[in-house]
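Close look at the chain arrangement
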Amino acid sequence: MTALALHSHTLTIDGLAVRILRDRESDTATVFVHGGAPGLTPYSSGAHIWGPALGRFAEDGAVLALDLPGFGGSDASDAPYSIDAMADHVDAVVRATGVRRCHLVAHDTGGLAALLLACRQPGYIEAVSVVSSVAAAPTGDGVENTALAYPPQPLGSRESQRWALERLSYSHHHVQDVLDDCVQAAQQAPQQAAAARMADPATRQAWNSSVARAKVRLFEQCRGPGVPVPVQVAWGTHDPTGTVDQGLWLYRILAQRQPVTHFHLINRAGALPFREEPGAFHSIISAFSDAVR
């Protein structure tokens, strides 16, 4: 279960419900952005997915974790699901909560959204840590990854979620601790609505296209002025969704124009290193944050 030091709050932004986990109010915070595709990912992501790692960071300073649109307790607008919508959501939540300086720690698709948000230079982002973000990494012409292909149906069921979490992990020891939170998230209205919308092939195609366009824009930025803030890439050594080489290439692309770019491998971890190795994860992220302040 999620660390008890953090409390759930529901905000209203532009008429939509937005769920966050927060330990205290502060104008400086570490902001956690989960990943996944709304209504498509066979495990229900959200603020809860960070688990006990949030409590470790809360000992260092203020922590804010959010549910993206269509996940958990955060409503989505009628606009198409997209990486840009994710970035807009993060920006709106940070501003609504009064955070003026933050370190973004973002997983998977959230990592791509966080990098693009940093490229807008909003002024409040000190650094970005990208965690196991295959969405942001180059894919090349390799064979399509099938780690999460053909999940048990229906998506969101306990069986489907356990299957996905185990497939993503090097070790299964953490799965039982988060499974109830994932099942609860899948039962909430925003996620049910996302699943219904994603049943439309055109909606799924629009989402996939948004990821491809966002990645092109990120790489163009990296070839030009570069990401304007320090960036860290963290990757599990046994990530089934993307190779270590993909993580290294993402690091190399980011480092072309951003001299303060770090790459860290987390041993004995899959695609959820913050759950499998929370101590190691906290150590490398906090050390990076201290180094760039």
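Refer to the structure above for everything that follows.
Residues numbered from 1 in each chain as written. Predicted model: local features only at pLDDT ≥ 70, side-chain atom pairs only at ≥ 80, totals over all residues. Heavy atoms only, no water.

Here helix α4 (residues 158–168) has its buried residues at S160, Q161, A164, L165 and L168. Along the axis of α4, the buried positions cluster into a sector of 120°, meaning they face one direction only. Tucked into the core, α4 has its buried residues touching α5 (175–186) and α9 (273–276). (Buried < 20%, exposed > 50% of the residue type's maximum accessible area, 1.4 Å probe, protein only. Helix = DSSP H or I, 4+ residues; strand = E, 2+ residues; numbered from the N terminus. Arc of directions from axis to C-beta. Contact = heavy atoms within 4.5 Å.)

Quick look at the packing of helix α2 (residues 83–96) against helix α3 (residues 109–119) now. At their nearest, the axes of α2 and α3 sit 8 Å apart, and the two run at 70° to each other. Classified by the angle between their axes, α2 and α3 sit roughly perpendicular to one another. Relative to α3, the crossing made by α2 is right-handed. Together, I83, D84, M86, A87, V90 and D91 of α2 and T109, L112, A113, L116 and L117 of α3 make up the contact between the two elements. Of the residues contributing to the contact of α2 with α3, the split by class is 8 nonpolar, 1 polar and 2 charged. (Axes fitted to C-alpha atoms, helices over the stretch in contact; angles between N-to-C directions. Parallel < 35°, antiparallel > 145°, perpendicular 65-115°, else oblique. Left-handed = near helix turned anticlockwise from the far one by under 90°. Nonpolar A, V, L, I, M, F, W, Y, C, P; charged D, E, K, R; others polar.)

Looking at the largest pocket, its volume works out to about 1100 Å³. Taken together, 32 residues form the lining of the largest pocket, with D108, V134, E144, N145 and T241 sitting closest to its centre. Here the lining of the largest pocket gets 5 residues from one element, more than from any other, and that element is helix α7 (residues 201–223). Of the residues in the lining of the largest pocket, the class split is 14 nonpolar, 14 polar and 4 charged. (1 Å grid on protein atoms, 1.4 Å probe; cavity = no way out; pocket = protein on both sides within 12 Å on 5 of 7 lines; lining within 4 Å. Points joined across faces, edges and corners; volume = space filled by probe spheres on them.)

Before going further, it helps to spend a moment on the side chain of E276. The topology assignment puts E276 in helix α9. The buried charged residue E276 lacks any salt bridge partner; its closest oppositely charged side chain belongs to R275, at an N-O distance of 8.3 Å. Each residue touching E276, except ones within four places of it in the same chain, is listed here: L168, S169, Y170, S171, H173, H174, R268, A269, G270 and A271. (Lys, Arg positive; Asp, Glu negative; His and termini not counted. Salt bridge = Lys/Arg side-chain N within 4 Å of Asp/Glu carboxyl O.)

Here we take up the environment of V175. Topologically, V175 is positioned in helix α5. Measuring from C-alpha to C-alpha, the distance between V175 and L165 comes to 6.4 Å, with 10 residues separating the pair along the chain. Ignoring anything within four residues of it in the chain, the contact list for V175 reads R162, L165, E166 and S169.

In this section: empty space enclosed by the protein. Scanning all chains against the criterion turns up 1 cavity of 30 Å³ or more. Taken as a whole, the largest cavity holds about 40 Å³ of empty space. The wall of the largest cavity is formed by P38, P69, Y81, S82, A85, M86 and W207. The residue inventory of the lining of the largest cavity, partitioned by class, reads 6 nonpolar, 1 polar and no charged.

For the rest of this paragraph, the subject is the packing of α4 against α5. Between α4 and α5, the shortest axis-to-axis distance is 10 Å and the interhelical angle comes to 130°. For the element pair α4 / α5, the angle class is oblique. For α4 against α5, the interelement crossing comes out right-handed. Counted together, R158, Q161, R162, L165 and E166 of α4 and V175, Q176, V178, L179, D180, C182, V183 and A186 of α5 form the full contact between these two elements. For the contact of α4 with α5, a count of residues per class yields 7 nonpolar, 2 polar and 4 charged.

Turning our eyes to something else, we now look at the pairing of strand β3 (residues 28–33). In terms of burial, β3 is a largely internal element, 5 of the 6 residues being buried. As defined by bridge partners, β3 adjoins strand β5 (residues 101–107) across 6 bridges and the pair is classed as parallel. Note that in β5 the partner of T28 across the bridge is R101. Following the chain from β3 across helix α1 (residues 53–58) to the adjacent parallel strand β4 (residues 63–66), one finds a crossover that is right-handed. (Pairing = 2+ DSSP bridges. Right-handed = clockwise from strand over helix to strand, strands pointing away.)

Purely geometric numbers; function is a separate question.
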